[in-house]
Amino acid sequence: MGVLNATPDSFSDGGAWLEPARAAAHAVAMVEAGAAVLDLGAESTRPGAEPVPPEAELARLLPVLRAVRRAVGVPLSVDTMKAAVARAALGEGADLVNDVSAGRFDRGMLALCAREAVPVVLMHMRGMPCTMQRAPRYGDVVRTVADFLARRAGAAEAAGVARDAIIVDPGFGFGKTLAHNLALLARLDAVAALGYPVLVGVSRKGFVGQLCGEAAPAARGWGTAAAVALAVARGARVLRVHDVAAMRDVVAVAAAVATA
Ligand code: HH2
């Protein structure tokens, strides 16, 4: 899954893909590099980010989505917590919804996904982006996250989403310390054991930078590669990444070993 942020302020590529023609060219490049799906977002969820009103999110997203939809044939995911934004994006040719609040932020989101019969990514986040990194604390972070995802998947099914349309994500960096992120990666098999496909978003994240001593997100490629390979080995099925060409090779090798 290639990341395309139509935002001015995303932590690693903010401002780069706001212009529709540039975004479409980047989308084509990611598909040519091996992306099977693209994730388009127009609201940064980096730690401390303030919420964006739906009108502003749509004003950024729709021109980029239309241009990308014309340019590539792969499924497009819309990264949003708002049902109104997801509904408009699905109307413009998006194929699935990536909700980092797992349907908690907007009560209409799961019903919308059910009605439209589209897959939905349910991610674990502690609180909301503006507050999530304030002293996160858990007893057993892996148990807490797995139980949360099981509950949210249950809520999605209760809202009418088909079981095989649900993807779960432990939410690396969303209200987690370095130790929490490491525990989740080390024991990702406990999340995979829920029985839903697991999506993992470790690309260029802060915990990779902490381990590698890399302040610049774009310089975290090798650290990201290690985390992606280990995630695949422990059952991840969808890898949300910025550097598609390099990570396609990492996934190819790791997946071959995992299934040997
Ligand atoms: N991470 C980010 C955004 N959306 N969605 C899922 N399902 N999983 C993730 O780990 C995830 C996500 C943050 O990365 P990015 O989009 O590059 O940055 P920003 O939130 O600053 O736009």
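Let me begin by describing the structure that accompanies this report. (Residues numbered from 1 in each chain as written. Predicted model: local features only at pLDDT ≥ 70, side-chain atom pairs only at ≥ 80, totals over all residues. Heavy atoms only, no water.)

Moving on: the site of the ligand. The environment of the ligand is made up of 18 residues, and the closest members are S10, S44, T45, D169 and K205. Side-chain polar atom of R240 to an oxygen atom of the ligand: 2.8 Å apart, as the coordinates give it. Protein contacts shield 99% of the accessible area of the ligand, which totals 470 Å² for the unbound molecule. Among the cavities detected, the one that contains the ligand is the largest pocket. Grouping the constituent residues of the shell around the ligand by class yields 6 nonpolar, 7 polar and 5 charged. (Near = heavy atom within 4 Å. Polar contact = N/O pair within 3.5 Å; in protein donor to acceptor, adjacent residues only side chain to side chain. Areas by Shrake-Rupley, 256 points an atom, 1.4 Å probe, with all protein chains shown as cover. 1 Å grid on protein atoms, 1.4 Å probe; cavity = no way out; pocket = protein on both sides within 12 Å on 5 of 7 lines; lining within 4 Å. Sits in = over half its atoms within 2 Å of the grid points. Nonpolar A, V, L, I, M, F, W, Y, C, P; charged D, E, K, R; others polar.)

All right, on to the packing of helix α9 (residues 221–233) against helix α10 (residues 244–258) then. Interhelical geometry of α9 versus α10 gives an angle of 30 degrees and a closest axis separation of 9 Å. By the criterion of interaxial angle, the relationship of α9 to α10 is roughly parallel. The crossing of α9 and α10 is right-handed. Residues G221, T224, A225, V228, A229, V232 and A233 of α9 pack against M247, V250, V251, A254, A255 and A258 of α10. (Axes fitted to C-alpha atoms, helices over the stretch in contact; angles between N-to-C directions. Helix = DSSP H or I, 4+ residues; strand = E, 2+ residues; numbered from the N terminus. Parallel < 35°, antiparallel > 145°, perpendicular 65-115°, else oblique. Left-handed = near helix turned anticlockwise from the far one by under 90°. Contact = heavy atoms within 4.5 Å.)

Residues V120 and L122 line one face of strand β5 (residues 120–123) and the alternating positions V121 and M123 line the opposite face, and both faces are buried. Of the pairings in the sheet, the one linking strand β4 (residues 96–99) to β5 comprises 3 bridges and is parallel in character. Counted as the bridge partner of N98 is V121 from β5. Crossover β4 to β5 through helix α4 (residues 109–116) is right-handed. The sheet contact formed by β5 and strand β6 (residues 166–169) spans 4 bridges and is parallel. Bridge pairing links V120 to I166 in β6. For the crossover that starts at β5, traverses helix α5 (residues 141–158) and ends in the parallel β6, the hand is right-handed. (Buried < 20%, exposed > 50% of the residue type's maximum accessible area, 1.4 Å probe, protein only. Pairing = 2+ DSSP bridges. Right-handed = clockwise from strand over helix to strand, strands pointing away.)

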